[in-house]
Amino acid sequence: MIRGILLALLFGPALALAQAPDFIEFESGQVRPLAMSADGSRLFAVNTPNNALEIFSLTASGLTLTARVPVGLEPVPVAVRDASEVWVVNHLSDSVSVVSLSGTPHVTRTILVGDEPRDIVFAGTNNYAFITTAH
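Residues numbered from 1 in each chain as written. Predicted model: local features only at pLDDT ≥ 70, side-chain atom pairs only at ≥ 80, totals over all residues. Heavy atoms only, no water.

A. Fine view of unusual backbone geometry. Phi is positive for Asp-94, which is not a glycine, with a value near 55 degrees. Residue class for Asp-94 comes out partly exposed when judged on its relative accessible area of 24%. Unlike most non-glycine residues, Glu-116 shows phi in positive territory, near 50 degrees. Looking at the element boundaries, Glu-116 is found in the loop between strand S8 (106-112) and strand S9 (119-123). (Buried < 20%, exposed > 50% of the residue type's maximum accessible area, 1.4 Å probe, protein only. Helix = DSSP H or I, 4+ residues; strand = E, 2+ residues; numbered from the N terminus.)

B. Structural context of the pairing of strand S10 (residues 128-132). Sheet topology note: the S9/S10 ladder contains 5 bridges and is antiparallel. Bridging across to S10, Asp-119 finds its partner in Thr-132. Linkage of S9 to S10, two consecutive antiparallel strands, is achieved through a turn of 4 residues, within which Gly-124 is found at a positive phi near 85 degrees. (Pairing = 2+ DSSP bridges.)

C. View of the side chain of His-91. Topologically, His-91 is positioned in the loop between strand S6 (85-90) and strand S7 (95-100). You can call His-91 buried: its relative accessible area is 10%. A polar contact is formed between the side chain of His-91 and the backbone oxygen of Pro-117, at a distance of 3.1 Å. Discounting residues that sit within four places of it in the chain, His-91 has contacts with Ser-28, Leu-73, Glu-74, Val-76, Glu-116, Pro-117 and Arg-118. (Polar contact = N/O pair within 3.5 Å; in protein donor to acceptor, adjacent residues only side chain to side chain. Contact = heavy atoms within 4.5 Å.)

Written out as structure tokens, the structure reads:
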């Protein structure tokens, strides 16, 4: 009996701290959440909790939000392909959203790429896309 009381006194506070919180926040870790246009006039940022790409205008006076484009679930990196297109990798959707910058920015294609994609780079004269996935 005394042993049980001693254990409760010793480990009771630790057990109280180990209880589950009322709210658990879970988001995928961002890989490259920011990218800038080649001419330096726009900044692209993934908004992971809102499943969106946010586009800002860069001026001498600062940043101005110009567009918010819904993409897939848990976007983690953004990469500029050229002056008219950016690609966003969606970690939980297992996809890449191709965002056109012509007119009002919008998703033109969604490419399914495999389990848990994390990053994307463009390379070569044909601008090939290389995407890392879990499997």
